[in-house]
Amino acid sequence: MRSLVWQGDTLIDWVDGGREIALDGEIRPSHVRYAYTFDAAAASPSGAFAAIYETLGTKGLILRDGKILREINRSYYQADAYEYPIALIRLASGREVIVHCPDHYNQIEIDDLATGERLTGAMDRDPSDCFHARLAASPDGKYLVSAGWLWHPVDTVRLYDLAAALADPRHLDGEGLGIDAWAEDSSAAFLADGRLAVDLVELEVDEETPDAPREALRLFDPARPDAPQVIRRDERLGTMMAVGEHH
């Protein structure tokens, strides 16, 4: 098993050709073998679409109902140093799209999953120098987070308004909503209520309180991105995910 994605109450290993694992333990084998080193998968909210890709590579496939729809790619530049930037999301309008960086490492694009239509095209872009990664959308499909990096060891977490990005793709080329979340190490996840949790290891210790912990969890309300709740901690977290309403 190389990748597992939920589809209803069934786990599907898309990298292994769509092998299905039911809750009762029944395994329905696949009859497809991809002759490439794919090692990760993502599925759209409806389950109709999936993407398989190489986490530290440049190649991916978009699947529809388990059949190849088209190939996708990203820039080779530093591709072995940061995760493939990709998210399959449902916009607030209900449209399912893929968010990725198919042309340039620092330029986010939004494409219709079914047709491949570029929804952020037809405009001159001048993106800032940021390696986008670990893309994810808020539960309501209104916001996008990129937990990427600027250069070792500096990470940056950026929050974008998807409606603003579709109206003017240049919204994706800078700091978006401008949250204060760049640090030596980071992890980010949307909570069920739409807030964005960002774990940061700060770059500099406050000179007035040199013994204070450097780790901090910041909770951002996208409607008020400049006023995060800051929770100091003594320990470092790993990659985060939301579990239910309160954890």
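Up top is the structure these notes are about.
It should be emphasised that the depicted structure is a prediction, and the values quoted were computed from it without experimental measurement. Along every chain, residues carry numbers that run from 1 in the direction the sequence is written. The model is predicted, so local features are restricted to residues of pLDDT at least 70 and side-chain atom pairs to those at 80 or more, both for listing and for counting; the totals for chains, interfaces and linings are taken over all residues. As a rule here, side-chain values cover all heavy atoms of the structure and leave hydrogens and water aside.

Asker: Describe the nonpolar core, listing the residues and the values that go with them.
Answerer: Generally speaking, nonpolar side chains in soluble globular proteins are found buried as a group. Take the buried Ala, Val, Leu, Ile, Met, Phe, Trp, Tyr and Cys residues and link them wherever side-chain atoms come within 4.5 Å; each set so joined is a nonpolar core. The rule is simple: take the accessible area with a 1.4 Å probe, protein chains only, and divide by the maximum for that residue type; under 20% is buried, over 50% is exposed, in between is partly exposed. Counting residues in each nonpolar core, the largest one holds 15 residues, and the members touching the most others are Ile89, Val97, Val99, Ile108, Ile110, Leu144 and Leu172. Every element with two or more residues in this core is listed here: β9 (86-90), β10 (96-100) and α1 (162-167). Apart from the residues lying within four places of it in its own chain, the contact partners of leucine 172 are Ile108, Ile110, Thr120, Arg125, His132, Leu144, Tyr160 and Ala165. Counting residues in each nonpolar core, the second largest holds 14 residues, with Tyr143, Val145, Leu159 and Ala183 among its members. Helix and strand assignments follow DSSP, with helices taken as H or I runs no shorter than four residues and strands as E runs no shorter than two, numbered in order from the N terminus. Note on definitions: a residue-residue contact is assigned when non-hydrogen atoms from the two residues lie within 4.5 Å.

Asker: Quick rundown of the environment of glycine 60? Include the residues and the values.
Answerer: By the element assignment, glycine 60 lies in strand β7 (residues 59-64). Taking the relative accessible area as the measure of exposure, glycine 60 reaches 0% and is therefore buried. Leaving out residues up to four positions away in the same chain, glycine 60 has contacts with Phe38, Ile52, Tyr53, Glu71, Ile72 and Tyr84.

Asker: Now, about the pairing of strand β14 (residues 154-161): what can you tell me, with residues and values included?
Answerer: Burial within β14 is extensive, with 7 of its 8 residues counted as buried. As paired elements, strand β13 (residues 143-151) and β14 share 8 bridges and run antiparallel to each other. Looking at the pairing, tryptophan 151 lines up with valine 154 of β14. Joining the antiparallel neighbours β13 and β14 is a turn of 2 residues. In this scheme, strands are said to pair when DSSP sees at least two bridges between them.

Asker: Would you mind going over the state of the cysteines in detail, with residue names and values included?
Answerer: Count a disulfide wherever a pair of cysteine sulfur atoms falls within 2.5 Å. Applying the stated criterion to the full structure yields 0 disulfides. For cysteine 101, which is in no disulfide, the shortest distance to another cysteine sulfur is to cysteine 130 and amounts to 8.5 Å. Residue cysteine 101 is classed as buried on the basis of its relative accessible area of 1%. With relative accessibility at 0%, the residue cysteine 130 sits in the buried group.

Asker: Account for the packing of aromatic side chains, with residues named and values stated.
Answerer: Stacked, edge-to-face and tilted labels apply to pairs of Phe, Tyr and Trp rings (six-membered ring for Trp) whose centres lie within 6.5 Å, assigned for plane angles under 30 degrees, over 60, and everything in between, in that order. Within the structure shown, the criterion is met by 12 aromatic pairs. One aromatic cluster is present, built from ring pairs that chain together Tyr76, Tyr77, Tyr82, Tyr105, Phe131, Trp149 and Trp151. To sit over a ring, a charge needs its Lys NZ or Arg CZ within 6 Å of the ring centre and within 35 degrees of the ring normal. Across from the ring centre of tyrosine 82, 4.7 Å away, lies the NZ or CZ of arginine 74, which sits over that ring.

Asker: Kindly report on the environment of threonine 58, identifying the contributing residues and their values.
Answerer: Considering the arrangement of structural elements, one finds threonine 58 in the loop between β6 (49-53) and β7. The class of threonine 58 is partly exposed, set by a relative accessible area of 25%. Each C-alpha atom, one on threonine 58 and one on tyrosine 76, is 6.1 Å from the other, the two residues being 18 residues apart in sequence. Excluding anything up to four places from it in sequence, threonine 58 contacts Ile72, Asn73, Arg74, Ser75, Tyr76, Ala79 and Tyr84.

Asker: Tell me what's going on with the side chain of arginine 74, and back it up with residues and numbers.
Answerer: In this fold, arginine 74 is placed in the loop between β8 (67-73) and β9. Positive charges come from Lys and Arg alone, negative charges from Asp and Glu alone, with His and the N- and C-terminal ends not counted. The term salt bridge refers to a pairing of a side-chain nitrogen on Lys or Arg with a carboxyl oxygen on Asp or Glu at a separation within 4 Å. Buried within the structure, arginine 74 lacks any salt-bridge partner; aspartate 80 is the closest side chain of opposite charge, at an N-O distance of 7.7 Å. Each polar contact in these results corresponds to two N or O atoms within 3.5 Å; when the atoms are within protein, one needs to be able to donate a hydrogen and the other to accept it, and residues that are neighboring in sequence are counted only if both atoms are side-chain atoms. In this structure the side chain of arginine 74 is engaged in a polar contact, spanning 2.9 Å, whose partner is the backbone oxygen of alanine 79. Apart from the residues lying within four places of it in its own chain, the contact partners of arginine 74 are Thr55, Leu56, Gly57, Thr58, Ala79, Tyr82, Glu83, Tyr84, Pro85, Cys101 and Pro102.

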